[in-house]
Amino acid sequence: MTLQEFYPLVGGDYAATLGRLPSEALVKKFLLKYPADPSYAQLETALAAQDWDAAFRAAHTLKGVAQNLGLETLYKAAAALTDAVRGPKPLADASLWPPVQQAHQQVLQAVAQL
């Protein structure tokens, strides 16, 4: 799969991502590293433990990683969750977590095809 084919699968914008990262090789390099990024697992653990400070940090990190890599669907879902636990405050709307899970799985499946 090419990067041009990858980005529509994850709701991303290839051209915008290439504008942030100087080459296709660098974009692909960082995308291939995404599955090893610990922020999603940290977020999942923090939410389960109701550690809202850790949840905020992990969600904020995941949001930044997704934004830098042009993973728009994941970025938007993580941004909503980040705002919900900012402060830190308890997650009052549990419906914000499933979109992050779905977008993360979507990215992992697409990255596996690169």
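Above this text sits the structure in question.
Residues numbered from 1 in each chain as written. Predicted model: local features only at pLDDT ≥ 70, side-chain atom pairs only at ≥ 80, totals over all residues. Heavy atoms only, no water.

### Re helix α5 (residues 52–69)
The end-to-end C-alpha distance of α5 is 25 Å, a good match for the 26 Å that 18 residues give at a rise of 1.5 Å each. Within the span of α5, buried status applies to W52, A54, A55, F56, A58, A59, L62, K63, V65, A66 and L69. Packing partners of the buried residues in α5 comprise α1 (3–9), α2 (14–20), α3 (24–33), α4 (39–49), α6 (72–85) and α7 (97–111). Within two residues after α5, G70 carries a phi angle of roughly 75 degrees, on the positive side. (Helix = DSSP H or I, 4+ residues; strand = E, 2+ residues; numbered from the N terminus. Expected span 1.5 Å × (residues − 1). Buried < 20%, exposed > 50% of the residue type's maximum accessible area, 1.4 Å probe, protein only. Contact = heavy atoms within 4.5 Å.)

### Some points on the packing of α5 against α6
The contact between α5 and α6 brings their axes to 8 Å, and the two run at 155 degrees. It follows that α5 is roughly antiparallel to α6 by the angle criterion. The way α5 lies across α6 gives a crossing that is left-handed. Where α5 abuts α6, its residues W52, A55, F56, A59, H60, L62, K63, A66 and Q67 lie against L74, Y75, A78, A79, T82 and V85. (Axes fitted to C-alpha atoms, helices over the stretch in contact; angles between N-to-C directions. Parallel < 35°, antiparallel > 145°, perpendicular 65-115°, else oblique. Left-handed = near helix turned anticlockwise from the far one by under 90°.)

### Overview of unusual backbone geometry
Looking along the chain, the bond that leaves G87 and enters P88 is cis, with omega of -15 degrees. When you line up the elements, P88 lands in the loop between α6 and α7. Of note, Q50 is a non-glycine position whose phi angle comes to about 55 degrees, a positive value. By relative accessible area, Q50 is classed as exposed at 55%.

### Remarks on the pattern of salt bridges
Enumeration over the complete set of coordinates arrives at two salt bridges. Across the salt bridge formed by R86 and D83, the nearest N and O atoms sit 3.0 Å from each other. Under the relative-accessibility criterion, R86 is labelled partly exposed at 38%. Under the relative-accessibility criterion, D83 is labelled partly exposed at 44%. (Salt bridge = Lys/Arg side-chain N within 4 Å of Asp/Glu carboxyl O.)

### Overview of the packing of aromatic side chains
Summed over all chains, the structure comprises three aromatic pairs. Seen in terms of ring centroids, F6 and Y7 are 5.1 Å apart; in terms of plane orientation they differ by 85 degrees. Their pairing is edge-to-face. Accessibility classification places F6 together with Y7 in one group, the buried group. Taken together, a centroid distance of 5.5 Å and an interplanar angle of 20 degrees make the contact between Y40 and W97 stacked. Taken as a pair, Y40 in helix α4 and W97 in helix α7 lie far apart in primary sequence, 57 residues in all. In terms of burial, Y40 and W97 fall into one category: buried. (Phe/Tyr/Trp six-rings, centres within 6.5 Å; stacked < 30°, edge-to-face > 60°.)

### Notes on the environment of E72
Here E72 lies in helix α6. Leave out the neighbours within four places in its chain, and E72 touches V10, G11 and G12.

By themselves these figures say nothing about function.
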